[in-house]
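Listed here are the chains, written in short residue letters.
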Amino acid sequence: MGAFAIAQNWFAAVALCVATGTALAQTIVEVIPLQYRNSEQVIPVIRPLLGRESSVSGFQHQLVLRATPAELAQVRRVLASIDTAPRRLLITVRQDADVVRSQREVEVSGSIGNDNARVTVPGSRSRSGGNVVLREGDDQLRARVVESQRAGSANIAQTIQVLEGHSAFIRIGESRPVRNRQVVRTVVNGQIVDRVVEGTEYVDATTGFNVLPRLQGDRVTLDIDPQRDTFDDSRRGTVNVQRVVTTVSGRLGEWIDLGSVGDSRSDERSVLFGRSSNRSDERRGVQVKVEELP
């Protein structure tokens, strides 16, 4: 290899080292403290601003950046707009249940016939409802119509304060003792013996919700799962469960529907000279409202 070729290779190596050193000199490692947000909240926003040779990591309220001066300047501008004091929110969840039960009974009773034959249909002893009596001689027919309707509502509203971007949890409940009985089989002196063991366990019924709000201007996005349990007095130890798990979005100060369910049941029975019918209509709904506190 000639002296001229050696000189060319040497100058190329020096140029490569200078270029590499210049590129490394453009990358700066800097630690930026956060004022109000934690690193998990801002890193997803910061990462798209960096090039392939740059990186960002964090721990609690600090960011560690390896970036160019231009990228660092852009990151600081973005942090100035997002690393602000979180807004205080008041979240209200309303869970409603409306039940209407109606009952109708129609009954015909009386006596009809002649001296040779007579048919008598006894009626109930109840005098409630509307009664119509038709009489002609010894013949008498009596019609009784009973209609009743009961309506009831159970409305529960719960409120909790939370900072935007943070989760909150509220729950109240009741525990009731329920006696149970089970058969325990054991072996005594080579024989199988069954023993009845009675005990008491507690059944819980709770009402509340978990929520995580995120704000963007005057709109809020919620990850929320309200739940409402009620004891079924007709079946001891049974709990009726109502639960919604969803993500919704709406404006601050407005009620947002999370879901509703309706249930209608009817039962008709026919007997001799009479008929009875029962109907039950039930509607349950869940709504949420988010308000900003000063």
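Residues numbered from 1 in each chain as written. Predicted model: local features only at pLDDT ≥ 70, side-chain atom pairs only at ≥ 80, totals over all residues. Heavy atoms only, no water.

**Remarks on the sheet that holds strand 3 (residues 62–67)**
Point 1. A sheet is described by the order of its strands in space; here three strands give the open sequence 1-3-2, paired in antiparallel fashion. Looking at which strands have only one partner, the edges of the open sheet turn out to be strand 1 (28–33) and strand 2 (55–59). This sheet shows a mean twist of 20 degrees between the axes of neighbouring strands, independent of strand direction.
Point 2. Pairing of strand 1 with strand 3, which is carried by six bridges, proceeds in the antiparallel orientation. Following the sheet pairing, valine 29 is matched in strand 3 by arginine 66.
Point 3. Together, strand 1 and strand 3 form the strand contacts of helix 3 (residues 69–82), whose direction differs from that of strand 1 by roughly 10 degrees. (Pairing = 2+ DSSP bridges. Helix = DSSP H or I, 4+ residues; strand = E, 2+ residues; numbered from the N terminus. Axes fitted to C-alpha atoms, helices over the stretch in contact; angles between N-to-C directions. Contact = heavy atoms within 4.5 Å.)

**Things to note about the environment of histidine 166**
Point 1. Within the secondary structure, histidine 166 sits in the loop between strand 7 (139–163) and strand 8 (168–188).
Point 2. The class of histidine 166 is partly exposed, set by a relative accessible area of 34%.
Point 3. Sequence-wise, histidine 166 and proline 213 are 47 residues apart; in three dimensions their C-alpha atoms are separated by 6.8 Å.
Point 4. Every residue in contact with histidine 166, bar those within four places of it in the chain, is listed here: Val211, Leu212 and Pro213. (Buried < 20%, exposed > 50% of the residue type's maximum accessible area, 1.4 Å probe, protein only.)

**Quick notes on the pattern of salt bridges**
Point 1. Within the structure shown, the criterion is met by 11 salt bridges.
Point 2. Residue arginine 37 pairs with glutamate 164 through a salt bridge whose shortest N-O separation is 3.6 Å. Separated by 127 residues along the polypeptide, arginine 37 in the loop between strand 1 and helix 2 (39–46) and glutamate 164 in the loop between strand 7 and strand 8 bring together distant segments of the chain. By the burial criterion, arginine 37 is buried, and glutamate 164 matches it.
Point 3. In this structure, glutamate 198 engages arginine 179 in a salt bridge whose closest nitrogen and oxygen atoms are separated by 3.0 Å. With glutamate 198 in strand 9 (residues 191–216) and arginine 179 in strand 8, this pair connects stretches of sequence that are 19 residues apart.
Point 4. Exposure remark for glutamate 198: the relative accessible area of 45% places this residue in the partly exposed category.
Point 5. On the basis of relative accessibility, which here comes to 56%, the residue arginine 179 falls in the exposed class. (Salt bridge = Lys/Arg side-chain N within 4 Å of Asp/Glu carboxyl O.)

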